[in-house]
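# Understanding the architecture of this molecule
Here is what each chain is made of, one letter per residue.
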There are 2 protein chains.
Amino acid sequence: MDVTMKDVAKLAGVSLSTVSRVLNDSSLVREETALKVKKAVEKLDYQINDSARILRTNTSNLIGVIGAGMEHPFLANLLKGIEAEAREKGFALIYGDSDGEFEKEQNYLNIMKQKKIDGIILITTNYYNDLLNIVKNYQIPVVFASGYISDPEIPCVTVDNVAAAYDIVEYLCRVGHKEIAFIKGPDLDLLASQERLRGVKLALRMSDIKYDSQKFIEGDFTFESGYSAAEKIMDRFPNTSAIFAFNDEMAIGAIRYLLEQGIKVPEEISIVGFDGIELGKYVKPALTTIEQSGYELGLKSIELLNQIIEGQEVEDNKVFIPHKLVVRESTNKLKNLTEEMEVGSKSS
Amino acid sequence: MDVTMKDVAKLAGVSLSTVSRVLNDSSLVREETALKVKKAVEKLDYQINDSARILRTNTSNLIGVIGAGMEHPFLANLLKGIEAEAREKGFALIYGDSDGEFEKEQNYLNIMKQKKIDGIILITTNYYNDLLNIVKNYQIPVVFASGYISDPEIPCVTVDNVAAAYDIVEYLCRVGHKEIAFIKGPDLDLLASQERLRGVKLALRMSDIKYDSQKFIEGDFTFESGYSAAEKIMDRFPNTSAIFAFNDEMAIGAIRYLLEQGIKVPEEISIVGFDGIELGKYVKPALTTIEQSGYELGLKSIELLNQIIEGQEVEDNKVFIPHKLVVRESTNKLKNLTEEMEVGSKSS
DNA sequence: GAAATTAATGAAATCCTTTTCATTTCAAAC
DNA sequence: GTTTGAAATGAAAAGGATTTCATTAATTTC
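An unreviewed UniProt entry lists chain A under the name LacI family transcriptional regulator, with Halanaerobium polyolivorans as the source organism.

Pasting the structure below:
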């Protein structure tokens, strides 16, 4: 039914081998013959049977992506970046959502291996250590795109979560906030959340504010969890002057709660988020946050993965994407600063 | 290098055919033999070579998804629904973003055909007619998940855009708004946008408000475009009392503009959106909108596609998902209503 | 217990490419 | 006009599964 190379060969009056050579633009076929073949391909609307090709060559031009929570704006943009760059480089994407469950991750890993993917991007954070073992065992090129992996063998692309969290907390302290509460990520999240936590602790220490674990309320990166976390915070620590939520959505949820309670943001309480999703510019008050580009993160991940797949020498398998503190409307200064030290910004 | 069925057969002391039968749980193999094979599979950690299987059987358990603008929250959830249900049904997903460009769509269609996908979900809206021709020609089961396709042969799953747009405009009229402006979608969008436009016109006619094309400003579904559209509207039609944006993000962008200008929402201007993205509940004022579930849309799309792939009889290849008018804080009533006619809601 | 079924297994063909190796064609060189 | 070397082509094997058809083993039936 489907047109095969055989049909093309017959129509062009050449052998299978020659057709194959033309299709893979081998240099050793006469211009004239190549033309005949190309015409036949055109005429028959021939499409290669990829399975046969993969079976023979063992390379699929397929990249696997396993993620979780990709409906969050930041990660949705990450996926977009991955897709765009993968297409650019001639890869197609096979995409699986793990819901953060190890079993599903394992499952997808198997499926993808069976499909002979050339490489894999991992965007899950909960059981990454177990995952790592499997992947290493499978010998498939991998890039983590959800945090810093200390294992020197494992390539990763990520924002510098520690530094970024440090930056934003340091900023809050610098403008005079002393009573700061936090809406952290899930304890299960072993990467981004833990790293941001480290950055926070570091900044607190530097500003001589004592660490109080009570002031860290766990959220799950949703608006809803930010909303209810804010409620807990105001309940337990009514004299809080600033809240740092570990992502923008929770920050926006928190703002919503405070406004509903008639608490003015930022006049009474300052709020900062993390990620710099587009939305943060459009809520009122616009969100002070750490800006990083999910799209770029995705792009860089594929770039790195591609280098590894092609066997290029990789100068550094730990890649950081830039981040920037963006001060908008949701934060208030409790003490004045000289102009020059006003905005802290950093990128690495 | 890789373990093949041959290795399994040798270890188990049976033939290739038997191994294959066990793997596909054929009934005609003795329990005892099956056990031997399973043990060998286990021991060798055998993984099937999918390409070989696809080559032979011509079915891939692969579903292609071609979309555009999937970073928008509503569509991100649609993708999530697709993924979840596809996994449930034993399909893996190959995902491509077309950026709304016909060439890329064509390209992905080819790639997917070459990979022998079992079916395809289309979420693009710009050149759907040309796409349709290709797909029909390819003879691959397809489901459109981005609007109503009138061609009776083509299955689609969608919200009833006409009815939903009608509902929300009718509501605005009912509560006394007469000066309504609109932020429509791109003219290139031949599905959702045009359908919503039809619904709007219908509602205006029913409420005896004359249609004025000047009052329809084109946006592109981003916050930014909503913001600048609102600016144009206020500029040209300062006595506008309500704005209907064709999605929630543009509505939120519009709100931001108005608030910045010191125009009170909803006291001076009412705003309504479309989609019911989570975010709409958390902005201040919370958004009045048409709620539909992207997740369910995705789920239903795969359900339908699966039926078609399996050759089941499909009682209706045009599926509508429910929608509901949700009145929150961004709209104001200009005249009072009796309680019972207050909230209009409909689902189909 | 022999014949007739039925169940379980195996051998070999097949799916469609790529690629190695052998062969033919062509052009250059003497 | 041979010979030689390079360039162009073709035949056939290989890749790893499924499946048809033939064969053997196990039951059933009388």
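The next point concerns the UniProt feature "domain: HTH lacI-type" (unreviewed entry) in chain A. Feature annotation in UniProt assigns "domain: HTH lacI-type" (unreviewed entry) to the following positions: residues 3–57 of chain A. Regarding residues 3–57 of chain A, the helix share stands at 69% and the strand share at 0%, and the terminal C-alpha atoms are separated by 21 Å.

Time to look at the relation of the copies chain A and chain B. Expressed as a screw transformation, the operator carrying chain A onto chain B has a rotation angle of 180° and an axial translation of 0.0 Å, and the superposed copies differ by an RMSD of 0.1 Å. Such values leave the two copies arranged in the relation of a two-fold axis. In this assembly, 100% of the residues forming the interface of chain A have copies in chain B that are likewise at the interface, indicating an isologous arrangement.

With that out of the way, let us pick up the environment of Leu287(B). Residue and element names in this part refer to chain B. Of note, Leu287 is situated in the loop between strand S9 (270–272) and strand S10 (289–291). Leu287 gets classed as buried once you count the C-beta atoms within 10 Å, which come to 29. With residues near it in sequence (within four places) discarded, Leu287 still touches Asp248, Ala251, Ile252, Gly273, Gly280, Arg328 and Ser330.

Let us now look at the protein's contact with DNA strand D. Taken together, 29 residues lie near DNA strand D, and Ser15(A), Thr33(A), Thr4(B), Ser20(B) and Ala52(B) sit nearest. Secondary-structure elements contributing two or more residues to the surface near DNA strand D are helix H2 (16–23) and helix H4 (50–57) of chain A together with helix H1 (5–12), helix H2 (16–23) and helix H4 (50–57) of chain B. Its residues assigned to classes, the surface near DNA strand D shows 12 nonpolar, 10 polar and 7 charged.

This part is about the UniProt feature "domain: HTH cro/C1-type" (unreviewed entry) in chain A. Within the UniProt annotation, "domain: HTH cro/C1-type" (unreviewed entry) is assigned to residues 4–47 of chain A. This span, residues 4–47 of chain A, is 68% helix and 0% strand, and a straight line between its end C-alpha atoms measures 8 Å.

So, about helix H11 (residues 248–260) of chain A. Residue and element names in this part refer to chain A. The terminal C-alpha atoms of H11, which comprises 13 residues, lie 18 Å apart, in line with the 18 Å expected from a rise of 1.5 Å per residue. For H11, the complete set of buried residues consists of Asp248, Glu249, Met250, Ala251, Ile252, Gly253, Ala254, Ile255, Arg256, Tyr257 and Leu258. Looking at the buried positions of H11, the neighbouring elements they touch are strand S6 (180–184), helix H10 (223–236), strand S8 (242–245), strand S9 (270–272) and strand S10 (289–291). Gly262 sits one or two residues past H11 and shows a positive phi near 75°.

It is worth spelling out the sheet that holds strand S7 (residues 216–218) of chain A at this point. Residues and elements named next belong to chain A. The strand order across the open sheet formed by 4 strands is S7-S6-S8-S9, and the pairing between neighbours is parallel. With one partner strand each, in any of the chains shown, S7 and S9 form the two edges of the open sheet. Each strand axis lies, on average, 20° off the axis of its neighbour in the sheet, ignoring direction. Here S8 runs beside S9; their pairing, made up of 3 bridges, is parallel. Looking at the pairing, Phe244 lines up with Val272 of S9. Each of S6, S8 and S9 touches helix H8 (residues 161–174); the most contacted strand, S8, lies at about 175° to it.

This next bit is on the nonpolar core. By size, the foremost hydrophobic cluster in this structure holds 195 residues, and its most contacted members are Leu93(A), Ile243(A), Ala254(A), Leu93(B), Ile243(B) and Ala254(B). Broken down by element, the residue count for this core peaks at 8 residues, all from helix H8 (residues 161–174) of chain B.

Taken together, 26 residues sit near DNA strand C, with Met5(A), Ser20(A), Asn49(A), Ala52(A) and Thr33(B) positioned nearest. Elements that contribute at least two residues to the surface near DNA strand C include exactly H2 and H4 of chain A together with H2 and H4 of chain B. Residue contributions to the surface near DNA strand C peak at 5 residues, all from H2(A). Classifying every residue of the surface near DNA strand C gives 10 nonpolar, 10 polar and 6 charged.

Contact with chain A, which involves 38 residues of that partner, is made by 38 residues of chain B. Listed by contribution, the elements that provide at least two residues to the side of chain A that touches chain B are H4, helix H5 (73–88), strand S2 (92–97), helix H6 (102–114) and H11 of chain A. Among the residues forming the side of chain A that touches chain B, the class breakdown is 19 nonpolar, 8 polar and 11 charged. Note: S2(A) against strand S2 (residues 92–97) of chain B, 3 bridges, orientation antiparallel. Residue pairing for S2(B): Tyr95(A) is matched across the bridge by Leu93(B).

Right, let's get into the domain arrangement of chain A. Its domain assignment divides chain A into domain 1 (5–48), domain 2 (60–159 + 294–322) and domain 3 (161–292 + 325–341). Placing a centre on the C-alpha atoms of domain 1 of chain A and another on those of domain 3 of chain A gives a separation of 63 Å.

Below, the discussion takes up the pairing of S2(A). Residue and element names in this part refer to chain A. In terms of burial, S2 is largely enclosed, as 6 of its 6 residues are buried. Alternating residues of S2 divide into Ala92, Ile94 and Gly96 and Leu93, Tyr95 and Asp97, and every residue in both groups is buried. With 6 bridges joining them, strand S1 (residues 62–67) and S2 adopt parallel strand pairing. Bridge pairing links Val65 to Tyr95 in S2. Following the chain from S1 across H5 to the adjacent parallel S2, one finds a crossover that is right-handed.

Turning our attention to unusual backbone geometry. Lys284(A) connects to Pro285(A) through a cis peptide bond whose omega is 0°. On the secondary structure map, Pro285(A) appears in the loop between S9 and S10. Here the residue pair Val265(B) and Pro266(B) is connected by a cis peptide bond, since its omega of 10° sits within 30 degrees of zero. With respect to the secondary-structure elements, Pro266(B) resides in the loop between helix H11 (248–260) and S9.

Time to look at the environment of Leu93(A). Residue and element names in this part refer to chain A. With respect to the secondary-structure elements, Leu93 resides in strand S2. For Leu93, a count of 22 C-beta atoms within 10 Å translates into the label buried. In the structure, Leu93 is positioned 11 residues away from Ile82 in sequence and 8.7 Å away in space, judged by C-alpha atoms.

What follows concerns the environment of Thr289(A). Residue and element names in this part refer to chain A. Of note, Thr289 is situated in strand S10. Put simply, Thr289 and Arg56 are 233 residues apart on the chain and 50 Å apart in space, counted from C-alpha to C-alpha. The contacts of Thr289, once residues within four sequence positions are left out, are Asp248, Val272, Gly273, Phe274, Asp275, Gly276, Gly280 and Val326.

Residue and element names in this part refer to chain B. Pairing is parallel in the open sheet, where 4 strands are placed in the order S7-S6-S8-S9. A single partner strand is all that each edge strand has here, and the edge strands are strand S7 (216–218) and S9. Strand-to-strand twist in this sheet, taken as the mean axis angle between neighbours without regard to direction, amounts to 20°. Pairing of strand S6 (residues 180–184) with strand S8 (residues 242–245) involves 4 bridges; the strand directions are parallel.

About the cut-offs
- Residues numbered from 1 in each chain as written.
- Chains lettered and ligands numbered in written order.
- Predicted model: local features only at pLDDT ≥ 70, side-chain atom pairs only at ≥ 80, totals over all residues.
- UniProt positions renumbered as here; feature names shortened; annotations may be inferred.
- Helix = DSSP H or I, 4+ residues; strand = E, 2+ residues; numbered from the N terminus.
- Least-squares fit on C-alpha atoms with pLDDT ≥ 70 in both.
- Contact = placed C-beta atoms within 7 Å.
- Buried ≥ 20, exposed ≤ 12 C-beta atoms within 10 Å, placed from the backbone.
- Near = placed C-beta within 6 Å.
- Nonpolar A, V, L, I, M, F, W, Y, C, P; charged D, E, K, R; others polar.
- Expected span 1.5 Å × (residues − 1).
- Pairing = 2+ DSSP bridges.
- Axes fitted to C-alpha atoms, helices over the stretch in contact; angles between N-to-C directions.
- Core = buried A, V, L, I, M, F, W, Y, C linked by C-beta atoms within 7 Å.
- Domains from an automatic or database assignment.
- Right-handed = clockwise from strand over helix to strand, strands pointing away.

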